[in-house]
Amino acid sequence: MISLRHIHKTYKQGTLEVPVLHEINTNIESGEFVSIMGPSGSGKSTLMNIIGCLDRPTSGEYILDAVNVLEADEAHLALIRNKYIGFVFQHFHLLPRLSAVENVELPLVYGGIKKSERRARALEALTKVGLADRVDHLPNQLSGGQKQRVAIARSIANDPTFILADEPTGALDTKSGEQVMNIFTQLNKEGTTIVMVTHEEEVAAYSKRRIVLRDGRIIEDRRGVLI
Ligand SMILES: Nc1ncnc2c1ncn2[C@@H]1O[C@H](COP(=O)(O)OP(=O)(O)OP(=O)(O)O)[C@@H](O)[C@H]1O
Ligand SMILES: [Mg+2]
C-alpha cells in the first residue's frame, strides 16, 4: 500500500543544507501496525510527514495505492490525505472553540459530507472511542486522555485506510496511554493500518513491526512479537 524508494530529505537553512533522511526504502502493507522508533532528531516526524503527504522528500519515489504521490499537485494531495489518512498528534491539535463533536466533524466538512450525515458519523466515532457522554464538551473541559480520544475519533470519522500517529501517548499518563493503545489495537483488528512514532518500549509492544531510525537511516526493521 505504501512504497518508499530511495527517499532522501534535506532541509535548506540559508546556504546550509541539513540532510535528515537518507536512502529510506520500505513497504508498509495494508493491515500492518508499525512503530517507528529512534532517538530525538533521527527523522521520525520528517518521515511521518512525508508518508502523510504533508511534506515532500528532496528525492525518491513514493507510491501510495498506485498513486505516484510526488507527481501529484497540492489539490490531489489534499484529496489523498482526506480519503486515505487519519492524523493523530502528540498534542491533539483540537480547535479550542469547537466542541468534541464539532472537532470530529471538521474533516468531514472538508470531505464534502452533508450536515446530518456528518453529525451521525462524528457521534459514531466518538462512541467508538468511549466518549458518547462527552460530545458537547470543549477541549479544555476534557482530560488529556479524553482529548486524545477525540483526536482519534476525528482521525477515523472519514474511515481512512491508515492512521499516522506521532507520539500519540507522549503527553499522556500511563493509564490514558493504555486506553489509546487499546483503541488503536481494536482499529487495527478491524483492518486499519497504523503507523505510529513512539519513544516508549511499552507502547511499541502493541505494534507488530518495529522500524528504528538513527541519523535518518533505517537501522532495524523487525516483524513479529517483539518482547
Ligand atoms: N523545517 C525544518 N528545517 C530545518 N531542519 C529541520 C526542519 N524540521 C526538522 N529539521 C531537522 O531534521 C532533523 C529530524 O527532525 P525530526 O523532527 O524528524 O526528528 P524526530 O525523530 O521526530 O525527533 P523527536 O523525537 O525529537 O520528535 C532534526 O535534526 C531537525 O533539527
Ligand atoms: Mg518528532
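Whatever comes next refers back to the structure up there.
Residues numbered from 1 in each chain as written. Chains lettered and ligands numbered in written order. Predicted model: local features only at pLDDT ≥ 70, side-chain atom pairs only at ≥ 80, totals over all residues. Heavy atoms only, no water.

1. Describing the overall build of the chain
Okay, step 1: Along the chain, the regular secondary structure elements total 7 helices and 10 strands.
Okay, step 2: The C-alpha atoms of the chain give 17 Å as radius of gyration, which agrees with the globular expectation for 227 residues (17 Å, within 12%).
Okay, step 3: Once the C-alpha set of the chain is aligned to its principal axes, its extents read approximately 50 × 40 × 35 Å.
Okay, step 4: When each of the 227 residues of the chain is scored for burial, the buried share is 49%.
Okay, step 5: Considering only intrachain contacts with a sequence separation of at least 6, the fraction spanning at least 24 residues in the chain is 67%.
Okay, step 6: In the form shown here, the chain has an accessible surface area of approximately 11100 Å², with 51% of it arising from carbon and sulfur atoms.
Okay, step 7: The average position of the 27 basic charges and that of the 28 acidic charges among the side chains of the chain differ by 3 Å. (Helix = DSSP H or I, 4+ residues; strand = E, 2+ residues; numbered from the N terminus. Rg over C-alpha atoms; globule rule 2.2 N^0.38 Å. Buried < 20%, exposed > 50% of the residue type's maximum accessible area, 1.4 Å probe, protein only. Contact = heavy atoms within 4.5 Å. Areas by Shrake-Rupley, 256 points an atom, 1.4 Å probe, with all protein chains shown as cover. Lys, Arg positive; Asp, Glu negative; His and termini not counted. Charge placed at Lys NZ, Arg CZ, Asp CG, Glu CD.)

2. Thoughts on the packing of helix H5 (residues 144–156) against helix H6 (residues 174–189)
Okay, step 1: Between H5 and H6, whose axes approach to 9 Å, the crossing angle comes to 20°. The orientation of H5 with respect to H6, classified from their angle, is roughly parallel. Read as a crossing pair, H5 and H6 show a hand that is right-handed. When H5 is examined against H6, the residues Gly145, Gln148, Arg149, Ile152 and Ile156 are found in contact with a partner set consisting of Ser176, Gln179, Val180, Ile183, Phe184 and Leu187. (Axes fitted to C-alpha atoms, helices over the stretch in contact; angles between N-to-C directions. Parallel < 35°, antiparallel > 145°, perpendicular 65-115°, else oblique. Left-handed = near helix turned anticlockwise from the far one by under 90°.)

3. Details of the nonpolar core
Okay, step 1: Ranked by size, the top nonpolar core spans 33 residues in total, and within it Val104, Leu126, Val150, Ile152, Phe184 and Leu187 carry the most contacts.
Okay, step 2: Those elements that provide at least two residues to this core are helix H3 (100–110), helix H4 (115–128), H5, strand E7 (162–166), H6 and strand E8 (193–197).
Okay, step 3: Among residues more than four places away in sequence, those in contact with Leu126 are Ala100, Val101, Val104, Leu131, Ala132, Val135, Val150 and Ala153.
Okay, step 4: Judged by nonpolar contacts, the second largest core, of 31 residues, contains Ile24, Ile50, Leu77 and Ile85. (Core = buried A, V, L, I, M, F, W, Y, C linked by side-chain atoms within 4.5 Å.)

4. What to know about the site of ligand 1
Okay, step 1: Close to ligand 1 lie 13 residues, the nearest being Ser40, Gly41, Lys44, Ser45 and Thr46.
Okay, step 2: In this structure, an oxygen atom belonging to ligand 1 sits 3.3 Å away from a main-chain N or O atom of Ser42.
Okay, step 3: Between ligand 1 and the protein, one listed contact pairs an oxygen atom with a side-chain N or O atom of Thr46 at 2.6 Å.
Okay, step 4: For ligand 1, whose free accessible area comes to 640 Å², the fraction covered by protein is 62%. (Near = heavy atom within 4 Å. Polar contact = N/O pair within 3.5 Å; in protein donor to acceptor, adjacent residues only side chain to side chain.)

5. Observations regarding the pattern of salt bridges
Okay, step 1: Tallied over the entire structure, the rule returns 12 salt bridges.
Okay, step 2: As a salt-bridge pair, Lys9 and Asp55 come within 3.3 Å of each other at their nearest N and O atoms. In this pair, Lys9 sits in strand E1 (residues 2–13) while Asp55 sits in the loop between helix H1 (44–51) and strand E4 (59–64), placing the two residues 46 residues apart along the sequence.
Okay, step 3: A relative accessible area of 8% means that Lys9 is categorised as buried.
Okay, step 4: For Asp55, a relative accessible area of 23% gives the class partly exposed.
Okay, step 5: Glu17 is paired through a salt bridge with Lys12; the nearest N and O atoms lie 3.4 Å apart.
Okay, step 6: One salt-bridge network, held together by shared partners, links Glu32, Arg209, Asp221 and Arg223. (Salt bridge = Lys/Arg side-chain N within 4 Å of Asp/Glu carboxyl O.)

6. Considerations on the side chain of Asn103
Okay, step 1: Within the secondary structure, Asn103 sits in helix H3.
Okay, step 2: Taking relative accessible area as the criterion, Asn103 reaches 1% and is therefore assigned buried.

7. Concerning the side chain of Ser99
Okay, step 1: Structurally, the position occupied by Ser99 is in the loop between strand E6 (85–89) and H3.
Okay, step 2: Not counting residues within four places of it along the chain, the set of residues in contact with Ser99 comprises Val135, Asp136, His137 and Leu138.

8. Things to note about empty space enclosed by the protein
Okay, step 1: All chains considered together, the criterion is met by 1 cavity of 30 Å³ or more.
Okay, step 2: Of the pockets and cavities examined, the largest cavity occupies roughly 60 Å³.
Okay, step 3: For the largest cavity, the full set of lining residues is Met48, Asn49, Leu54, Phe87, Val88, Phe89, Leu164, Ala165 and Asp166.
Okay, step 4: Per-class residue counts for the lining of the largest cavity are 7 nonpolar, 1 polar and 1 charged. (1 Å grid on protein atoms, 1.4 Å probe; cavity = no way out; pocket = protein on both sides within 12 Å on 5 of 7 lines; lining within 4 Å. Points joined across faces, edges and corners; volume = space filled by probe spheres on them. Nonpolar A, V, L, I, M, F, W, Y, C, P; charged D, E, K, R; others polar.)

All quantities given are derived from atomic positions and should not be read as evidence of function.
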